[in-house]
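If you want the building blocks of each chain, they are given just below.
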Amino acid sequence: MGMRGDRPGQFRWIVVMLMVLMSTLAQAPPPTRADDAATAVLQRLNWYRAWLGAPPLQRDPALDAAARAHLAYLQQNQGDPSLTGLGLHREQPGKPGYTGDTSADRAKAQGYGGDVVTEDLALGADVADALDWFLATVEHRLPLLDPRIRDIGFGWGQVGTNSAVVFDMGAPSWSTTATPAWVVWPVDGATGVAPAFDGEVPDPFPGASYPLGYPITVSYLGPGQVTFTDGALFHDNQAVPTRFQPGTGWLSRQAGLLVALAPLQPGGTYHYVVHGQVDGQPFTISGTFRVATNDGESLGIGGLSRPDQLPGGVARAPLAVQGRWWRDDAGVFTGMRQGGWLWGPDVLAVQEEPYREAPGGKRTVVYFDKGRLELNGDGQVTAGLLVRDMILGAVQTGDATFTPQPPATLPLAGDPAPVNPDAPTYASLHQLAAVVPGRSQPSRVGQPVTAVLHRDGSVSDDPQLGSTTIAWYDPVTGVNVAAVFWDWLQQQPWDWLSVLGHPLSEPYWIRTRVGGREQWVLVQAFERRVLTETPSNPPGWQIECNNAGRDYLQWRAGQAVPGS
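Residues numbered from 1 in each chain as written. Predicted model: local features only at pLDDT ≥ 70, side-chain atom pairs only at ≥ 80, totals over all residues. Heavy atoms only, no water.

Colleague: I keep staring at the overall build of the protein and nothing clicks. Help me out?
Modeller: Looking only at helices and strands, the protein has eleven helices and 31 strands in total. For the protein, the C-alpha radius of gyration of 27 Å lies close to 24 Å, the compact-globule estimate for 564 residues. Oriented by its inertia axes, the alpha-carbon framework of the protein measures out at about 85 × 55 × 40 Å. Going through the 564 residues of the protein one by one, you find that 56% of them count as buried. Partitioning the contacts of the protein with sequence separation of at least 6, the portion at a separation of at least 24 is 64%. If you sum the accessible surface of the protein, you get close to 22,900 Å²; carbon and sulfur atoms cover 51% of it. (Helix = DSSP H or I, 4+ residues; strand = E, 2+ residues; numbered from the N terminus. Rg over C-alpha atoms; globule rule 2.2 N^0.38 Å. Buried < 20%, exposed > 50% of the residue type's maximum accessible area, 1.4 Å probe, protein only. Contact = heavy atoms within 4.5 Å. Areas by Shrake-Rupley, 256 points an atom, 1.4 Å probe, with all protein chains shown as cover.)

What follows is the structure, encoded as structure tokens:
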């Protein structure tokens, strides 16, 4: 796969890629140099994947060995006429350094057991520049950002007078769908985007006159049949001449491709819009990005161009947690989105906690103000059922094991307990919430929310508080959900059940101190969070998650968390 054209101030080079299924056998030479550059590239690539909500890639020794083995083959067969275009990915039996016909053969030979392998290869670039160039293409970009791809290996060195880079990527298992369902690049809010696309092999835009503008790819990996109908690009509110088409490659056939017919203006701000349908239902994908002002400007988002610009605790957190935080809270952190935090401005604590089914009987958990993320032995990240435990009065230590502890006497909302002594607490819900069987309530959909919860667990009624009604009834827990919360949940981009869990309590009005002033706040407990509505807050901040993560950490440790 060759990139056409020369970039001013840069070298001319060739990029190649082929995606294949697994096959055969091999041996690999040792690394050609230290791994520092590849480690930095992997960190940067995972930073970009985090923008999309995609899981981080892991360095895989077998893929490292396969990439280095193929680099050695290229070195030993320099000048072979078969090593052009897509032929750069193939090896021929009997030739020096042969370890396998395809990238899949070579990966399998080194012990990689995944379902799928894809390979990007560049001649004329170092490992850092190669990543930038791959992302400036279509077919090379898509596997790097695909959430189904989880493993990666690197090989790089000299092939004659050219430097050469091999990225071998793999998927441990393959499916036709993935999360996130939409993978859009460049992401909304991106800065430092390259102005031009010089082409690649196979050519995603046959017959085009290169160089083109930086391509926009909109991939759909969700369920159902996607159809892309049209796309447009705007600069200074003026339409830019473009070409739009569905892709035809193995990955790009699930994508809409939009590209300007000429390089983009350095420093210019562009807005893209792509339309289509999924199973007949229309969708619109849009975003805005800014082109780099010069060759030295790095890709960034919201003013951030490096992972170390994240909050300190987030930057040091496990990559899977870092990606989850970025997906959910980066918009608040960068000022690109108004509203409350889903997790919090930074990590409160990272610790090992007992869990019977975890490897070694312990698992890593990461606490934020609003919740806890758990790293399980299967590689999955889950959100803890913290509110359930604090209301029930039991610390979960395994799938079906609990350690009794008195229910938490921390306020459900508002100021901390020392300055908010009369506010209802988690313990106030101990006899009311659906934390044990037999607590189901009848459906009250359409009725006003007027129940008032008191600190002692008693409930009264105040008809003057009926500013919202019941909008939904959860048959799983037998709990009614207030319209103000239900409507808010329907507007969120994340799966509310995995973030909040099922509702446990009816919605209640409480009197609590907020900023030292006593006022009405509507609260509703879910398994993982407590949702609050404070009508006196400014728009965008009226509905928030309470500080369940901070509260749980304090409750479990038996002492206040710094900053409480």
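Now, onward.
Colleague: What is the right way to read the sheet that holds strand β6 (residues 182-185) from this model?
Modeller: What holds strands together in a sheet is hydrogen bonding between their backbones, with the strands either parallel or antiparallel. Strands sit in the order β6-β10-β14-β13 across an open sheet of four strands; the sheet is antiparallel. What marks the edges here is a single partner per strand, and that holds for β6 and β13 (242-246). Direction aside, neighbouring strands of the sheet carry axes that sit 10° apart on average. Bridge count for β13 against strand β14 (residues 255-260) is five bridges, and the pairing is antiparallel. What sits directly across from P246, in β14, is G256. (Pairing = 2+ DSSP bridges. Axes fitted to C-alpha atoms, helices over the stretch in contact; angles between N-to-C directions.)

Colleague: Where do I start with the nonpolar core in this structure?
Modeller: Generally speaking, nonpolar side chains in soluble globular proteins are found buried as a group. Within the largest apolar cluster, 97 residues are counted, with the highest numbers of intra-cluster contacts made by F167, W185, L233, F289 and W326. With nine residues, helix α1 (residues 36-52) is the largest single contributor of residues to this core. Setting aside anything within four residues of it in sequence, one finds F167 in contact with V41, T118, E119, D120, V127, L131, F134, L144, I152, G153 and F154. Residues A349, Y508, I510 and Y552 belong to the second largest nonpolar core, which totals 30 residues. (Core = buried A, V, L, I, M, F, W, Y, C linked by side-chain atoms within 4.5 Å.)

Colleague: Is there a simple way to explain the packing of aromatic side chains in this structure?
Modeller: Two numbers describe a pair of aromatic rings. These are the distance of the centres and the angle of the planes. If you walk through the whole model with that rule in mind, you get 24 aromatic pairs. Three or more aromatic residues joined by ring pairs form one cluster here, namely W47, Y48, W51, W185 and W326. Above the plane of the ring of W343 lies R529, whose end atom (NZ or CZ) is 4.4 Å from the centre. (Phe/Tyr/Trp six-rings, centres within 6.5 Å; stacked < 30°, edge-to-face > 60°. Lys NZ or Arg CZ within 6 Å of the ring centre and 35° of its normal.)

Colleague: What is the right way to read the sheet that holds strand β12 (residues 238-239) from this model?
Modeller: An order of β12-β11-β15-β16-β7-β17 is seen for the six strands of this open sheet, with the pairing classed as mixed. The sheet terminates laterally at β12 and β17 (300-301), the two strands that pair on one side only. Bridge count between strand β11 (residues 226-235) and β12: two bridges; the pairing is antiparallel. From the neighbouring strand, F234 faces β12, where its bridge partner is A239.

Colleague: I'm lost on the environment of Q76 in this one. Help?
Modeller: On the secondary structure map, Q76 appears in helix α2 (residues 61-76). Note: C-alpha distance between Q76 and G302 (226 residues apart in sequence) is 45 Å. Q76 has contacts with P96 and G97, leaving out every residue within four places of it along the chain.

Colleague: For this particular structure, what's the right way to read helix α11 (residues 548-557)?
Modeller: Since the α-helix advances by 3.6 residues per turn, residues separated by three or four positions end up pointing in the same direction. Among the ten residues of α11, eight are classified as buried, and the element is accordingly described as predominantly covered. When we look at burial in α11, the residues that qualify are A548, G549, R550, D551, Y552, L553, Q554 and W555. Following α11 by one or two positions, G558 adopts a phi angle in the positive range, close to 80°.

Colleague: Is there a simple way to think about the packing of α1 against helix α4 (residues 127-135) in this case?
Modeller: Packed helices, taken two at a time, are described by the angle their axes make and the gap between the axes. At a minimum axis separation of 9 Å, α1 and α4 run at an interaxial angle of 25°. Viewed along their axes, α1 and α4 adopt a mutual orientation that is roughly parallel. Contacts between α1 and α4 pair A37, A38, V41, R44, L45 and Y48 from the former with V127, A128, L131, D132 and L135 from the latter. Counted by class, the contact of α1 with α4 contains nine nonpolar, no polar and two charged residues. (Parallel < 35°, antiparallel > 145°, perpendicular 65-115°, else oblique. Nonpolar A, V, L, I, M, F, W, Y, C, P; charged D, E, K, R; others polar.)

Remember, this is a structural readout, not a statement about activity or role.
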